[in-house]
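# Fold and contact review
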Amino acid sequence: KADLQRFLQKSDIIFSYEIGEVNWMFTIEDGLLYCAVDFEKGRIVSLKKGKLELLGNTLLPLFEVAFRDPTGEQIRTTAFSASKVTVEQDQYSAVAVYSDLSVEHVSVTVKLSYDADCKELRWNIGVDNQSDYTLEWIDYPCVNLIHCLKDNGGDGAILWPYNEGAYIDDLTVRESCW
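What counts, and at which threshold
Residues numbered from 1 in each chain as written. Predicted model: local features only at pLDDT ≥ 70, side-chain atom pairs only at ≥ 80, totals over all residues. Heavy atoms only, no water. Helix = DSSP H or I, 4+ residues; strand = E, 2+ residues; numbered from the N terminus. Buried < 20%, exposed > 50% of the residue type's maximum accessible area, 1.4 Å probe, protein only. Contact = heavy atoms within 4.5 Å. Salt bridge = Lys/Arg side-chain N within 4 Å of Asp/Glu carboxyl O. Pairing = 2+ DSSP bridges. Phe/Tyr/Trp six-rings, centres within 6.5 Å; stacked < 30°, edge-to-face > 60°. Axes fitted to C-alpha atoms, helices over the stretch in contact; angles between N-to-C directions.

## Some details on the overall build of the chain
Along the chain, the regular secondary structure elements total one helix and 15 strands. Across the 178 residues that make up the chain, the buried fraction comes to 33%. The long-range share in the chain, meaning contacts at least 24 apart out of those at least 6 apart in sequence, stands at 35%.

## Quick word on the pattern of salt bridges
Counting across every chain of the model gives four salt bridges. With its nearest N and O atoms 2.9 Å apart, the salt bridge here joins Glu136 to Arg68. Of this pair, Glu136 sits in strand β13 (residues 134-139) while Arg68 sits in strand β7 (residues 64-68); the two residues are 68 residues apart in sequence, bridging distant segments of the chain. Taking the relative accessible area as the measure of exposure, Arg68 reaches 31% and is therefore partly exposed. The network of salt bridges with common partners includes Asp115, Glu120 and Arg122.

## Some thoughts on the pairing of strand β8 (residues 74-78)
As paired strands, β7 and β8 are joined by five bridges and run antiparallel to one another. Bridging across to β8, Arg68 finds its partner in Gln74.

## Some thoughts on the packing of aromatic side chains
Inspection of every chain in the model, using the stated rule, returns two aromatic pairs. Ring centres 5.2 Å apart and planes at 70° place the aromatic pair Phe63 and Tyr98 in the edge-to-face group. Of the two residues, Phe63 is situated in the loop between β6 (52-53) and β7 and Tyr98 in strand β10 (residues 93-99); the sequence distance between them amounts to 35 residues. Comparing Phe63 with Tyr98 shows no difference in burial state: the two are buried.

## Let's talk about the sheet that holds β13
The strands making up a sheet associate through hydrogen bonds between their backbones, and the pairing can be parallel or antiparallel. If you trace the three strands from one edge of the open sheet to the other, you get β8-β7-β13, paired in antiparallel fashion. With one partner strand each, in any of the chains shown, β8 and β13 form the two edges of the open sheet. In this sheet, adjacent strand axes meet at a mean angle of 20° when their direction is disregarded. Of the pairings in the sheet, the one linking β7 to β13 comprises five bridges and is antiparallel in character. The partner of Glu64 across the bridge, within β13, is Asp139.

This is the structure in structure tokens:
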């Protein structure tokens, strides 16, 4: 097995990625923020603020997409169902294309980039839907956050993009609405 590992450094920001037969990892670290994504396995491995891990579950798929077939039946696919993943990266970002998904004629492109000036991660997703299904919803990135919302000791909140948007600082309230 031949692994290629490159480390790129600018200021106090460290970007690293590994290409190998077993895994494909993209990592961003800036002293306060740490994020590691395994694009081949299709999941976020770690998301930290300082030394505090923010992810409660690292076994979630990177994305989940739902469609409706012509009869109205819902069909879902995730990063886990892709049999082909291609990845391109540069110093500040990585783009992964997931194809040969459980829904035929659909591919999903995800991009993770880091803006060093704003010190923020940017998550983008695109769905190329050449199927007969109607795209219903996208969940990306799929995360289960702990220690960061006001309901569990943190100081954060989520702007959930449902309808006009909903400000969430207690996930139990959001989940009990359904």
